[in-house]
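So the chains spell out like this:
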Amino acid sequence: MTPQTRYTQVAIILHWLIALGVIGLIVAGKWMAGAINQPETQALAYDVFQLHKSVGITVLLLTILRLAWRLGHRPPPLPDAMPGWQKAAATGAHWLFYLLLIGIPLSGWALVSASPLGLPTLLYGVVEWPHIAALTHVADRQATAHQLEEVHELLGNAMLLLVLLHVAAALKHQYLDRDNLLARMLPFLARG
Ligand code: HEM
C-alpha cells in the first residue's frame, strides 16, 4: 500500500487515541451516572467522574489537534468503485463525528461549570481546569445544569449510535467488499 492510499501516521495515532478515549468515556459515563446515586458505589463513582472529566477534556484537545492536522493534510480519496451515496454518507459521518467530538466535551464542561455543587475539575489530579465563568453566575444553576446534563446525554447517545454504524461500515468494507478501506487506518491489515 502506497502512502497516498492511507492516512498519515499522525492522523492514524490521533484517530485511535480519540476512539479509545470516546469508547471509555461512553462506558464510564453510563456507569457513573447511575452509580453516583448508590451508596455502595458512590465513592468509586466520584473517582470515575474525575477521570471522565480529565479524559473528556483530553479528547477535546486531541480533536482540535486532529482538525488542525486535517486542514493541512487531506485524507486519502475514497475508492472510485464506491457508490456516490456511500461517499456522501462517509463524508457526512466524518463531519458529524467532529461536531460531536467538540459538542460533547463542551456540554460536559458546561454542565460541571453550571452545577451548584461547584466541584473543581483537576485534570488527572494535577492541573486545575477552570469553570466557564458565565455559567457559574446563572440565576438557576440547578435547572441549567440539569438541562445541560440532558444535552450531554443526548449527544453521548448519538455518538454511541454513530460509533456502532462507523464500526459496522468499516467491517463491511474490509470483510465483505474487501476494498482495503479499513487498512487506510490500520495499515497492517492491507492486502495485495
Ligand atoms: C468526547 C467526550 C465525552 C464523551 C463521549 C462523554 C460521554 C458521556 C456519557 C455517555 C455520559 C452518560 C450520560 C447518561 O447516559 O446519563 C456522560 C456523563 C457525564 N459526563 Fe461526559 N463525556 C465526554 C466529555 C465530558 C467532559 C469534558 C466533562 C466535564 C468536564 C464531562 C462530564 C460528565 C458528567 C459530569 C457526567 C454525568 C452527568 C450526570 O450526572 O448525569 N463529560 N458523559
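Residues numbered from 1 in each chain as written. Predicted model: local features only at pLDDT ≥ 70, side-chain atom pairs only at ≥ 80, totals over all residues. Heavy atoms only, no water.

### Description of unusual backbone geometry
- The backbone of Arg-178 sits at a positive phi, close to 50 degrees, despite the residue not being glycine.
- Within the fold, Arg-178 resides in the segment after α4 (141-177). (Helix = DSSP H or I, 4+ residues; strand = E, 2+ residues; numbered from the N terminus.)

### Points about the environment of Leu-160
- When you line up the elements, Leu-160 lands in helix α4.
- Judged by its relative accessible area of 34%, Leu-160 is partly exposed. (Buried < 20%, exposed > 50% of the residue type's maximum accessible area, 1.4 Å probe, protein only.)

### Brief notes about a nonpolar patch on the surface
- Residues Leu-51, Tyr-124, Val-126 and Val-127 make up a contiguous nonpolar surface patch of about 420 Å² in total accessible area.
- In this structure Tyr-124 comes out as partly exposed when scored by relative accessible area, which is 48%. (Patch = residues over 30% accessible without salt bridge, like charges linked within 9 Å, V, L, I, M, F, W, Y side chains within 5 Å. Areas by Shrake-Rupley, 256 points an atom, 1.4 Å probe, with all protein chains shown as cover. Salt bridge = Lys/Arg side-chain N within 4 Å of Asp/Glu carboxyl O.)

### A look at the site of the ligand
- Around the ligand sit 21 residues in total, of which Gly-29, Lys-30, His-52, Ile-104 and His-152 are the nearest.
- Within the side chain of His-152, one N or O atom sits 2.8 Å away from a nitrogen atom of the ligand.
- Of all the secondary structure elements, the ones that give two or more residues to the shell around the ligand are α1 (9-35), α2 (42-72), α3 (84-114) and α4.
- Partitioning the shell around the ligand into residue classes produces twelve nonpolar, five polar and four charged. (Near = heavy atom within 4 Å. Polar contact = N/O pair within 3.5 Å; in protein donor to acceptor, adjacent residues only side chain to side chain. Nonpolar A, V, L, I, M, F, W, Y, C, P; charged D, E, K, R; others polar.)

### Examining the packing of α3 against α4
- Axis separation between α3 and α4 bottoms out at 8 Å; the angle between their running directions is 150 degrees. One way to sum up the angle between α3 and α4 is to call them roughly antiparallel. Judged by the sense of rotation from one axis to the other, the crossing of α3 with α4 is left-handed.
- When the residues that make up the contact of α3 with α4 are grouped by side-chain class, the tally is 17 nonpolar, eleven polar and three charged. (Axes fitted to C-alpha atoms, helices over the stretch in contact; angles between N-to-C directions. Parallel < 35°, antiparallel > 145°, perpendicular 65-115°, else oblique. Left-handed = near helix turned anticlockwise from the far one by under 90°.)

### Describing the UniProt feature "domain: Cytochrome b561 bacterial/Ni-hydrogenase" (unreviewed entry) in the chain
- Listed under "domain: Cytochrome b561 bacterial/Ni-hydrogenase" (unreviewed entry) in the UniProt record, and renumbered for this structure, are residues 6-187.
- Between the first and last C-alpha atoms of residues 6-187 the distance is 7 Å; the span itself is 69% helix and 3% strand. (UniProt positions renumbered as here; feature names shortened; annotations may be inferred.)

### Let's talk about the coordination of the iron atom of the ligand
- Protein ligation of the iron atom of the ligand involves His-52 (NE2) and His-152 (NE2), the donor distances falling in the range 2.0 Å.
- Considering all six donor atoms around the iron atom of the ligand, angles at the metal cover 87 to 179 degrees and the coordination shape is octahedral. On the criterion of sequence distance, the pair formed by His-52 in helix α2 and His-152 in helix α4 is long-range, its members being 100 residues apart. Per residue, the accessibility class of His-52 equals that of His-152, and both read buried. (Donors = N, O, S within 2.8 Å, 3.2 Å for Na, K, Ca; no water. Tetrahedral: all angles 85-135°; square planar, octahedral: opposite > 155°, others 65-115°.)

### A closer look at the UniProt feature "transmembrane region" (unreviewed entry) in the chain
- Within the UniProt annotation, "transmembrane region" (unreviewed entry) is assigned to residues 12-31, 51-69, 90-112 and 154-171.
- The span residues 51-69 shows a helical share of 100% and a strand share of 0%, and its end C-alpha atoms are spaced 27 Å apart.

### Thoughts on the packing of α1 against α4
- It is at 11 Å that the axes of α1 and α4 come closest, and there the two elements cross at 130 degrees. Between α1 and α4, the angle falls in the class oblique. Viewed along their axes, α1 and α4 form a crossing whose handedness is left-handed. Across from His-15, Val-22, Ile-26 and Lys-30 in α1, the residues of α4 making contact are Gly-156, Asn-157, Met-159, Leu-160, Val-163 and His-166. (Contact = heavy atoms within 4.5 Å.)

### Comments concerning the nonpolar core
- Among the nonpolar cores identified, the biggest contains 15 residues, and Ile-18, Val-22, Val-59, Leu-101 and Met-159 are the most heavily contacted of them.
- Elements supplying a minimum of two residues to this core: α1, α2, α3 and α4.
- In this structure Val-59 touches Ile-18, Gly-21, Val-22, Leu-25 and Leu-101, once residues within four positions along its chain are discounted.
- Counting seven residues, the second-largest nonpolar core is a separate cluster that includes Leu-111, Val-112, Leu-135 and Leu-148. (Core = buried A, V, L, I, M, F, W, Y, C linked by side-chain atoms within 4.5 Å.)

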